[in-house]
Amino acid sequence: RQLVGGEARFGDRALGVLWVLAATTMFSLASVLVKLCRRIPAVETGFVRAIYSVVLGGVLCMFVFKRELVPVSMGTAVLALLLGRSLVDFAASNLFYVGCSILPLGLATVIMFTSPFWAAVLASMWLGEPYSRTDFALACVAFVGVVLSALPSMSPEPGTTAPGLFSILLVFPCSFFQAATYCFIRRIGGRVHYIQMTVCYGICGLVIAPSLMMYGSVQHDELIEPAPISAFRQASTLLLASSVAFFAIGGQVFLNLGCAKVESSVAALIHTLDIPLALVFQGLVFGQPAKAAEVAGA
């Protein structure tokens, strides 16, 4: 019985690793498309994703999985955790979208995936997951990588403007929020269906994104001011926005599945494979070859 149980646990962990790898690939593709979708602000892209999350997730919940859209029957404690998970995930993804818009793709991705440090600390303090010397060493390596990858972008090339310190600091919190997302998924995994998590993310986005875009319209802030309706009349723009939503939702679903089977710190470390993928896409799609320091940092 112990042997069979051990094999089952190993199989679950292996499946969880595969889910997180799939999520990593889809999130990386979404980040590339966000960079291409320049006519639509990052927050509006997040709003499109929220609409698709509610519509597609709602259809799957009601007609495929036969579940309520929001698991009210699970009680207020689970609902509070689900709300927290949705809020930190929305904050993480949209700050990352902003980063992809104002920073080089490789730099934005490396900043995002310093999350293994925060995931290890949060999981140890909140979930009681072990935090070993290896975890600490890997966290230190991650921070060294951030510094190495950030240095080339802080020095402007001829005819270009380097991203300012404010732009980099604006994106940094998404790393902590992403780590918190892993922990929230671990906390409610098994009690909330992964599609219900997707629906609740969309509901939060439908509330938060319009408020931000309204503020952007008043302040004429190009980062959050919505694009004119005419922008969506172009098939290419609509296709790009929809593709971002598709890959991001797919990545979110796979991440929900994976984090329910592996530790938060493990999921965060696997997810850092997005960094070399982003640098490859940066070279292939945008013609921006990675610098030696960025490669070393990745």
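Parameters and conventions
Residues numbered from 1 in each chain as written. Predicted model: local features only at pLDDT ≥ 70, side-chain atom pairs only at ≥ 80, totals over all residues. Heavy atoms only, no water. Core = buried A, V, L, I, M, F, W, Y, C linked by side-chain atoms within 4.5 Å. Buried < 20%, exposed > 50% of the residue type's maximum accessible area, 1.4 Å probe, protein only. Helix = DSSP H or I, 4+ residues; strand = E, 2+ residues; numbered from the N terminus. Contact = heavy atoms within 4.5 Å. Disulfide = S-S within 2.5 Å. Axes fitted to C-alpha atoms, helices over the stretch in contact; angles between N-to-C directions. Parallel < 35°, antiparallel > 145°, perpendicular 65-115°, else oblique. Left-handed = near helix turned anticlockwise from the far one by under 90°. Nonpolar A, V, L, I, M, F, W, Y, C, P; charged D, E, K, R; others polar.

This next bit is on the nonpolar core. With 49 residues, the main nonpolar core has Leu103, Tyr182 and Leu255 as its most contacted residues. Tallying contributions element by element places helix H3 (residues 76–102) first for this core, with 10 residues. For leucine 255, the residues in contact, after removing those within four places along its chain, are Ala23, Phe27, Gln178, Tyr182, Ile185 and His271.

With that settled, the discussion passes to the state of the cysteines. Throughout the structure, instances matching the rule amount to 0 disulfides. Free cysteine: cysteine 61, not disulfide-bonded; nearest cysteine sulfur from cysteine 200 at 8.3 Å. With relative accessibility at 0%, the residue cysteine 61 sits in the buried group. With no disulfide partner, cysteine 183 has as its closest neighbouring cysteine sulfur the one in cysteine 259, 8.8 Å distant.

Next up on the list: the packing of helix H2 (residues 42–64) against H3. Taken N-terminus to C-terminus, the directions of H2 and H3 make an angle of 135 degrees; their axes are 8 Å apart at the nearest point. As the angle between them shows, H2 and H3 are arranged oblique. Relative to H3, H2 is oriented so that their crossing is right-handed. Mapping the contact onto sequence places Ala42, Val43, Gly46 and Arg49 in H2 and Phe90, Ser93, Asn94, Tyr97, Val98 and Ser101 in H3. Counted by class, the contact of H2 with H3 contains 5 nonpolar, 4 polar and 1 charged residues.

It is worth stressing that arrangement in space is one thing and function is another; only the former is reported here.
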